[in-house]
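# Geometric and topological summary
So you can see what is in the structure, the chains are spelled out below.
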Amino acid sequence: MPGLLRGVARTAVVAGTATAVSNRVSRRQQGRWAQQEAQQQYQEQQAPPPPPPPAAPADDMTSKIDQLKQLGDLKAQGVLTEAEFEAQKARILG
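Residues numbered from 1 in each chain as written. Predicted model: local features only at pLDDT ≥ 70, side-chain atom pairs only at ≥ 80, totals over all residues. Heavy atoms only, no water.

This brings us to the overall build of the protein chain. Tallying secondary structure elements over the protein chain gives three helices and zero strands in all. Secondary structure of the protein chain in N-to-C order comes out as α-α-α. For the protein chain, buried positions account for 4% of its 94 residues. When the accessible surface of the protein chain is split by element, carbon and sulfur atoms take 58% of a total near 8,300 Å². (Helix = DSSP H or I, 4+ residues; strand = E, 2+ residues; numbered from the N terminus. Buried < 20%, exposed > 50% of the residue type's maximum accessible area, 1.4 Å probe, protein only. Areas by Shrake-Rupley, 256 points an atom, 1.4 Å probe, with all protein chains shown as cover.)

Relative to the elements of secondary structure, Lys-64 occurs in helix H2 (residues 57-77). For the pair Lys-64 and Leu-93, spaced 29 residues apart in sequence, the C-alpha to C-alpha distance is 7.3 Å. Those residues in contact with Lys-64 that lie beyond four places of it in its chain are Ile-92 and Leu-93. (Contact = heavy atoms within 4.5 Å.)

This paragraph deals with the packing of aromatic side chains. Using the criterion set out here, one finds zero aromatic pairs in the structure. For Lys-75, the ring lying beneath its charged end belongs to Phe-85, and the centroid distance is 4.9 Å. (Phe/Tyr/Trp six-rings, centres within 6.5 Å; stacked < 30°, edge-to-face > 60°. Lys NZ or Arg CZ within 6 Å of the ring centre and 35° of its normal.)

Applying the stated rule across the entire model yields two salt bridges. We note a salt bridge from Lys-75 to Glu-82, for which the minimum N-O separation is 2.5 Å. Given a relative accessible area of 42%, Glu-82 falls into the partly exposed group. (Salt bridge = Lys/Arg side-chain N within 4 Å of Asp/Glu carboxyl O.)

Another aspect to go through is a positive patch on the surface. A cluster of basic residues, Arg-24, Arg-27, Arg-28 and Arg-32, forms a positive patch at the surface. Residue placement: Arg-27 occurs in helix H1 (residues 2-46). (Patch = residues over 30% accessible without salt bridge, like charges linked within 9 Å, V, L, I, M, F, W, Y side chains within 5 Å. Lys, Arg positive; Asp, Glu negative; His and termini not counted. Charge placed at Lys NZ, Arg CZ, Asp CG, Glu CD.)

This is the structure:
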């Protein structure tokens, strides 16, 4: 009977130690994760604001239309050949 009691006591000590170590590891991990999460939130708050949006597309399209009209006038006057006109048009629209 003393051998059985000794075996049970040893098992209880081992199980208790394992539980204590497991709980300590869990608490450390939770602390580290909380610290990483707080640090990540701080970095997100400190991030620079996003760049302003590009210029309005309507203004850009208006300038392209004006340029195409000027090219058409130059072609009509004979200053530009058909190939030059097409090349410049592709550059503007591209």
